[in-house]
Amino acid sequence: MWIPVAGLPPRLTLSSLVGAGRFCFLGAGAATRKPLQARNRRGLSDSAPQLCPDPDFRKSPSRVKSKSTLDFSRYITSRRLAETMAQLVRGKEKKPSHLFLECNPGPGILTQALLEVGAKVVALESDKTFLPHLESLGKNLDGKLRVIYCDFFRMDPKGTGAIKPPAMASQDLFQTLGLEVVPWKAGIPLKVIGALPIRSERKILWKLIHNLYSCTSIYKYGRIELNVLIYEKEFQKLMADPGNPDLYQVLSVLWQVACDIKVLHKELLEPSQEKLYFIQITPYRNLFTDNLTPMSYQVFIHMVKHCFGKRKCRLIDHLRSLTPLDAKDILRQIGKKKEDKVTNLYPQDFKQLFETIQSSKDYAYKWLYDDRLEGSTAEFCIFRSKNLH
Amino acid sequence: MPSRLRAPLHSGSCSSGGSLPASASLCGRRRPRSYNFRQPGRTHAQARAAAAAAAAAAAAPEVSCAMAVLWGRGAARFGRGLWPCGRPGLPAEEGTLGGLCGPRRSSSASPREDRRKDWGHVELLEVLQARVRQLQAESVSEVTVNRVDVARLPEHGSGDGGCQPPTKVQPGAQGTPSGLFVQWAKRLDKDKQIQQKRRQRLEKQLQKRAQNPGFSTDAKRLHVEPRLLSKQLTTCLQGCTQEVAESPWEEQLAQVLQEAPRKLSLDKKLGQRLKTRFANRQQKILAFLKCCLLTGHQSLAHHLLVTHHSRGRSQELLTLDMYNTVMLGWAQQGAFRELLYVFIMVKDAGFSPDLVSYAAALQCMGRQDQDVATIKRCLEQMSQEGLKLQEIFTAVPLCKEERAAVLRAVLKAKPTFKLPERPLSPVNNSKLLRDVYAKDGPVSYPKLHLPLDTLWDLFKQQLRVELASTVCVKSVEKPVAQSKEVRRAALQALPAQGESFMGLARDLGARTFSRHEVQRQQFSGQVEALKRHYRQYLHLLAADTEVPEPYLPRQYWEALGVSEPPQEQPWPLPVQVELGRLLAEILVQATKMPSNLAKPRNSSRLVPLLYHVYSFRNVYQIGFLKPHPAYVQLLATAAEPTVTFEAVDVPMLCPPLPWTSPHTGAFLLNPTKLMRAVDGTMHHQRLLENCPPAALHGALDTLTQLGNCAWRVNGRVLDLVLELFQDKGCPKLSVPAPPSEVAAPHEAPLPSSTGLVDKAELRRELARSLKESREMHSLRADALYRLSLADHLRNCVFWLPHNMDFRGRTYPCPPHFNHLGNDLARALLEFAQGCPLGPHGLDWLKIHVVNLTGLKKREPLQVRHAFAEEVMDDILDSADNPMTGRKWWMGSEEPWQTLACCMEIAKAVRTSDPAAYISHLPVHQDGSCNGLQHYAALGRDSVGAASVNLEPSDVPQDVYSDVAAQVEVFRRQDARRGSRVAQVLEGFVTRKVVKQTVMTVVYGVTRFGGRLQIEKRLREMSDFPQEFLWDASHYLVRQVFKSLQEMFSGSRAIQHWLTESARLISHMGSAVEWVTPLGIPIIQPYHQEVKVKGGRGLQSVSYSVNADSSLKPNKLKQRNGFPPNFIHSLDSTHMMLTALHCYREGLTFVSVHDCFWTHAAHVPIMNQVCREQFVRLHSQPILQELSSFLVSRFCCSSRPQKLSQRLDDSKLRETLLAVPKPGAFDLERVKHSTFFFS
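Everything numeric here is computed off the predicted structure, so don't read it as measured data.

Attention shifts here to the overall build of chain A. Counting its regular elements, chain A contains 16 helices and nine strands. Here chain A holds 389 residues, and 58% of them are scored as buried. At a minimum sequence separation of 6, the contacts of chain A that also span at least 24 residues come to 72%. When the accessible surface of chain A is summed, it comes to about 16600 Å², and 49% of that surface belongs to carbon and sulfur atoms.

Written out as structure tokens, the structure reads:
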């Protein structure tokens, strides 16, 4: 449950942290742009233990200021929710066998819940303020908790130059954790748990899906499962299909083609009446085929983007801009009609369409797509520019 | 007004089958009457399409056929562009016309929302109208049926509130409850089908007609007679139509003409606003009218004028220029009656006819051999309006034949009339230019080395080139195999990854315009006149002819009595883009290739060659045209043996036309702007046209002179470069390698066992190598163009016409091959005209070669000379065995120029008398940190002046080292105080680290940018602790700025003052303007851009418009741009002064901004002139003049109303008047400084 729901009296034990101003608590923070103003309304749950007796926020103000409104994190502070989540990810197993990477645990409520169900947790915290406290959580746990200063959502920033913490290279992280590459067809190497950053849900989703299709960054190490909290609005878009064409978009297609998405839990945020979904995203074992590979995925993404660029157009018109092959012929092969529009196609249809074209034997040139047209992986640029200083 | 009311509703002209509700609401609108339906048949849309096709045909002959077809289809679309429907007019007018405009107009209360609907509307309307005409032509009975329909329909319309929006016209409009509506919906469906059929039929017919090349519009089907707003004029008009055409002129018109123009009551402010809002559309209409006249569609132009005129709102769009244009068209044909109609319309619209109008009238009378009385009336009227007859011959641009016609008419009425004497052109009386234009004193303007006949032949060649519009140049790429494919230039230039649709559209539009311009001149007989004048002009330049007294080229051209050709405004950007878009679409539709190139031609089906695809950049979606990959492959293997250039992209083969005005000069036929600007920017041109002609003389003469320098290709260097180029290239010597040299991307099929991760890795590698090869390719293509052109011009003499940017800096117009290029390009060029070395020339060559190597930068000239003697062996070896010898030249900073110079030296020293050796090699003199020189001179900074060599000194000073030393002083202080960064930086503060920042500070680099520069330098140093990069660069940039502040205190104060002034000016909402000491008006073209989106079809295009002067300035750019731009305007002034004075001395002079070139023998003279002019320039009270100009321009003369405005105003005035005080440096000392320019 979220703090406002818990209705707990505002405690000022953490006010020093709030004063640092760089995080907001789920719910209230989502509703307001000014976390500082909202300070007194907010509290933390009972079970929040004493944190960082001497938070050194004198060092950080300038840094904090620069990113204040841009870089919110959601922290789970409700004990009940944390426990529910921990139960859910444990599933039927008695003790979760997977390693959990927890993104931005903040005060560590969920961390604790996870530890309690017996999971091995690596806490990736991007705010130094929380580090000492998190470390203290794992004191007597025999190495079941590792705390690393790292921002999961800024993993592998694009661009040259040294990576400044908390951004981190996935390679370094996995090396520190001593994890090996797990083949795609094999099981799930580890699970990620956390909340998507409020303001950059879409950016993160784009970044992750690119990494997934290209088998880079964290997905280099296998089919990593995501267990994340996501807002309803974004979730609906993610799950949209021709049934609700207004929400249907590129991301929906790409994610649904790539992953099995399950809703584990819904949570209502009291003040704003917004819904949060706790979802599990597991990449399909059979995502990659002879035709769709990390070599050719860009063409696939381009194709989908192209189609949704003019979503009201007929598919046949798009095909004429996508491939020099005979559009009618392709339509026939995938069993679509001439009048079918882009929004009539289910995500899997797009994959089929792609594979049909990609596997056509007769022609040397299957696509008009050209890597050079693309501003390479332009989507990632936004992540690079976030380097502080 | 009343006449409008009384005019019967000509219903037949409005609706077709007439059962569409939309048309019902449209029907209420009154359309201009068309009286003369004697021979109906042709329709609006048809006629418009026809003219458009014809116009396009004239503009771009090679696409005309395809155009015609498409115009047929897109006729309505084009019409829409011209049809000023749903445009908000004057509010005042709206009030008066409200009752007249019918239900539709009153319904569109918010025109902005409605506009898009309106467009659809109009399209429909036009088809309907077209259909009506057609029906009228086919059977009368049908028309009567229509009438009944129309009469009935408005009732429905009014029942619906009379404002049924056209969107609802679509079938199945959102669940209309009423039964009537259901019925309507059904009818709608049916009607739509019928409509479609009709449309198809129409299209077919249109195509048929459009394809018929020899068709011409029949005037009678178009509106000829105007419908007038003024009652009085209408009666007069009625008189006109009833009687024979000639008589009314005498009787009614005299009284008509005396009427005061009605429109003067127009609110001035409102008019201003209207002007800016309509400017684009007006240009569009004007361009259309001119195109019509050019293609012989006078009647269509007339029709457009009439239809616009008779509608209150669109009449506001019409300008006197438009009426005059149409009148001129009639005058050329001698159609007096139609001319008369237009004349009446002019009066009716409230304009008072000007000289051009009367000239047209007189011309027409001259052609028609009108009787004396009429002419007399006309002349009388003219003098009553205060217009002088003489001025027709001086102020109105007329071609020879037109002039003769006018004169004929005038002589008939006034047999004693004598043509006025040509007025003397005004003389520039700027203080700085007094010497240049002085009539007394020694003048030895240089002549070309070529005789008249040769030059004349060259001219004819160039004329041929420009008439053909393109030049095919043999490619220097080594041919691989020959192919017989025929390709179009546009296609060939398309890179494999495609070309952005917008860019292509722009390009095509612009090219169409310049072709149109060339043809226009051909048709209007200007080419013949040009030939005549040019031949005479050559007498001034040729080696074997004499002119009676010394003239500058411009003066001579003006003295020849060349009448200015009528000035042609380029089509506004939207028109160009729209046209280009259309052409690009045709290209996509028309070009096909066999789907399988391997199979024989006829066995495989045809697939499009070009594809319209999208690329995604972040949130943007960019449309591209991309060639079929197989085609790209084909092109690559075929290795096209020729490269095609636009005529304006190739250097000229004869001396360029002298610049005589802001729009005439440079190329013979292709229009060239005096001041180059971003597409669609009009500010500069407007400013230039509005300033007194004499003020521009300095700039015009400089540009003419720079363009008159004859060039030739250095054949030996070219041979060497070509050898390298056709072999493997040599990136070190900036000869790019062929694409085959790049590691070919891994394309072999992967073994199936390849893991996913490996594939991902491979993909990235592939992308990397693709990127690399693309970069290589563009470098290669650039070199290919340059070298092909050089090879093409190998044995020719050629000229590089010049124009300038908005600050007055001069540039050669041909982009690929000019002396502004890189080292390689410069080495390929030399003066076509040689000059004996003279006693000291060889020394200068030697110093020059050392300068080029960059080895002895901080040594005096004697040492450089001595060094050249020392390495003479190497120099000679380089010249003799450039590729096989010791390759001394390759180690130089500018290797190719060094090599060229080595060769020249070798040739010179090996002649018996080096002093008599004819040298063609340009020798350079470079300003040392020229921007800072100007700052230091402005601020009279002693320290600064010394460090940029304004102060005489034995060894050249180096400002970068000085700054580095100063920074080091600060650093040591800080280090002693315990600053960690300062301590870390010990030993790293070098010249190299600070150089770029110091250099760019003058050009407005900020601390932010400066820090990045320094960070980059520090990063390059391997031993610098990288963790300190940020802190150290931050620290250093502060120290550099502080040091500069210390050394150039006066300059920094000036820079600050300029910045602050610009900030306040842009805060007041204006763009910063000033006038250079030579008198060139300058405006900073930085405005907040407005994105305009338009066009349908393949894709919508959006472009930013920067042209409107009413746009708000971009404050940041205005502020940051002012100091560097101002300094640039000064350095360009200095260059121009030097150029003009050198010309008077008879020198060959060209410049690359702050690097001046001349013959070795003339270096001392040029150096002297250069210093003298610098001193003269800065002896002027430049800043005071700037200050007073800005005050007069931007400070309100009257007290502003609002308090905030008043505060702003007083603050601005205060700032502007606080001109920084200069220091104590004595400017005269520059004259003795050896290294000022060296």
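On we go.
On to the overall build of chain B, then. On a plain count of helices and strands, chain B comes out with 49 helices and 23 strands. Looking at chain B as a whole, 56% of its 1238 residues are labelled buried. Pairs at least 24 residues apart make up 76% of the contacts formed inside chain B by residues separated by at least 6 positions. As presented, chain B carries roughly 52400 Å² of accessible surface, and 53% of it is formed by carbon and sulfur atoms.

With that settled, consider unusual backbone geometry. Residues and elements named next belong to chain A. In this structure, S217 is a non-glycine residue whose phi angle is positive, near 50°. By secondary structure assignment, the location of S217 is in the loop between helix 9 (201-214) and strand 7 (225-231). Assessed through its relative accessible area of 9%, S217 is described here as buried.

With that settled, consider the sheet that holds strand 11 (residues 798-799) of chain B. Residues and elements named next belong to chain B. Overall, antiparallel pairing links the three strands, which are arranged 11-10-14 in an open sheet. Edge positions in the open sheet fall to strand 11 and strand 14 (829-831), since each of these has one partner strand only. With two bridges connecting them, strand 10 (residues 710-713) and strand 11 associate as antiparallel partners. Residue pairing in the sheet places W711 in a bridge with F798 of strand 11.

Let's shift gears to the pattern of salt bridges. Residues and elements named next belong to chain B. Enumeration according to the criterion identifies 44 salt bridges over all chains in this entry. In this structure, D435 and R1176 form a salt bridge, with 3.1 Å as the shortest nitrogen-oxygen distance. Note that D435 is positioned in helix 21 (residues 434-437) and R1176 in helix 47 (residues 1163-1179), a separation of 741 residues in sequence. Among the residues examined, D435 registers a relative accessible area of 40% and is labelled partly exposed. For R1176, a relative accessible area of 24% translates into the label partly exposed.

Moving on, we get to the nonpolar core. Among the nonpolar cores identified, the biggest contains 142 residues, and B:L668, B:L950, B:L1018, B:F1024 and B:F1126 are the most heavily contacted of them. Element by element, the count of residues in this core is highest for helix 46 (residues 1115-1144) of chain B, at eleven residues. Once residues lying within four places of it in the same chain are set aside, the contact partners of B:F1024 are B:V984, B:L985, B:F988, B:L1018, B:L1029 and B:A1032. Listed in part, the 79 residues of the second largest apolar core include A:I204, A:L226, A:A240 and A:Y297.

Moving on, we get to the state of the cysteines. All told, the structure shown has zero disulfides over all chains when counted by the stated rule. There is no disulfide at B:C730, and the cysteine sulfur nearest it, in B:C902, is 17 Å away.

Let us now look at the environment of B:L1064. All names here are of chain B. Secondary-structure assignment places L1064 in helix 45 (residues 1049-1067). As a C-alpha pair, L1064 and A1218 span 154 residues in sequence and 13 Å in three-dimensional space. Discounting chain neighbours no more than four positions away, the residues touching L1064 are K1211, L1212 and T1215.

Residue and element names in this part refer to chain A. As recorded in UniProt, the sites labelled "binding site: S-adenosyl-L-methionine" (unreviewed entry) are I76, E125, D151 and A195. Positionally, I76 belongs in the loop between strand 2 (74-75) and helix 5 (79-90). Mapped onto the elements of the fold, E125 is located in strand 4 (residues 120-125). Since its relative accessible area comes to 0%, E125 is described here as buried. Setting aside residues up to four positions removed in sequence, E125 forms contacts with Y75, N104, P105, G106, F130, L131, L134, I148, Y149 and C150. A polar atom in the side chain of E125 sits 2.8 Å from the backbone nitrogen of D127.

On to the pairing of strand 5 (residues 610-617) of chain B. All names here are of chain B. Burial of strand 5 is extensive: seven of the eight residues sit out of reach of the surface. Bridge count between strand 5 and strand 6 (residues 620-627): eight bridges; the pairing is antiparallel. By the bridge assignment, V613 is partnered in strand 6 with F624.

Turning our eyes to something else, we now look at the sheet that holds strand 22 (residues 1150-1152) of chain B. In sheet architecture, strand pairing relies on hydrogen bonds along the backbone and comes in two forms, parallel and antiparallel. All names here are of chain B. Spatially, three strands are ordered 17-23-22 in an open sheet, and the strand pairing comes out antiparallel. Strands at the two margins of the open sheet, each flanked by one partner only, are strand 17 (922-926) and strand 22. Neighbour-to-neighbour, the strand axes of this sheet turn through a mean angle of 30°, independent of strand direction. Bridge analysis of strand 17 against strand 23 (residues 1155-1159) gives five bridges, and the strand direction is antiparallel. Each bridged residue has a counterpart across the sheet, and for P922 the counterpart in strand 23 is H1159.

Right, let's get into helix 27 (residues 573-590) of chain B. For helix 27 of chain B, spanning 18 residues, the distance from its first C-alpha to its last is 25 Å, which sits close to the expected 26 Å at 1.5 Å a residue. A large share of helix 27 of chain B lies buried, amounting to 15 of its 18 residues.

Moving on, we get to the domain arrangement of chain A. You can read the domains of chain A as domain 1 (74-283) and domain 2 (297-388). Once you take the C-alpha centre of each, domain 1 of chain A and domain 2 of chain A turn out to be 29 Å apart.

This brings us to the packing of aromatic side chains. All names here are of chain B. Counted according to the given criterion, the structure contains 32 aromatic pairs over all chains. Among the aromatic residues, those joined into a ring-pair cluster are W456, F459, Y534, Y537 and W557. The ring of F725 carries R780 above its face, with NZ or CZ at 3.6 Å from the centroid. Note that R1193 overlies the ring of F1194, its terminal NZ or CZ placed 5.1 Å from the centroid.

Cut-off values and rules
Residues numbered from 1 in each chain as written. Chains lettered and ligands numbered in written order. Predicted model: local features only at pLDDT ≥ 70, side-chain atom pairs only at ≥ 80, totals over all residues. Heavy atoms only, no water. Helix = DSSP H or I, 4+ residues; strand = E, 2+ residues; numbered from the N terminus. Buried < 20%, exposed > 50% of the residue type's maximum accessible area, 1.4 Å probe, protein only. Contact = heavy atoms within 4.5 Å. Areas by Shrake-Rupley, 256 points an atom, 1.4 Å probe, with all protein chains shown as cover. Pairing = 2+ DSSP bridges. Salt bridge = Lys/Arg side-chain N within 4 Å of Asp/Glu carboxyl O. Core = buried A, V, L, I, M, F, W, Y, C linked by side-chain atoms within 4.5 Å. Disulfide = S-S within 2.5 Å. UniProt positions renumbered as here; feature names shortened; annotations may be inferred. Polar contact = N/O pair within 3.5 Å; in protein donor to acceptor, adjacent residues only side chain to side chain. Axes fitted to C-alpha atoms, helices over the stretch in contact; angles between N-to-C directions. Expected span 1.5 Å × (residues − 1). Domains from an automatic or database assignment. Phe/Tyr/Trp six-rings, centres within 6.5 Å; stacked < 30°, edge-to-face > 60°. Lys NZ or Arg CZ within 6 Å of the ring centre and 35° of its normal.

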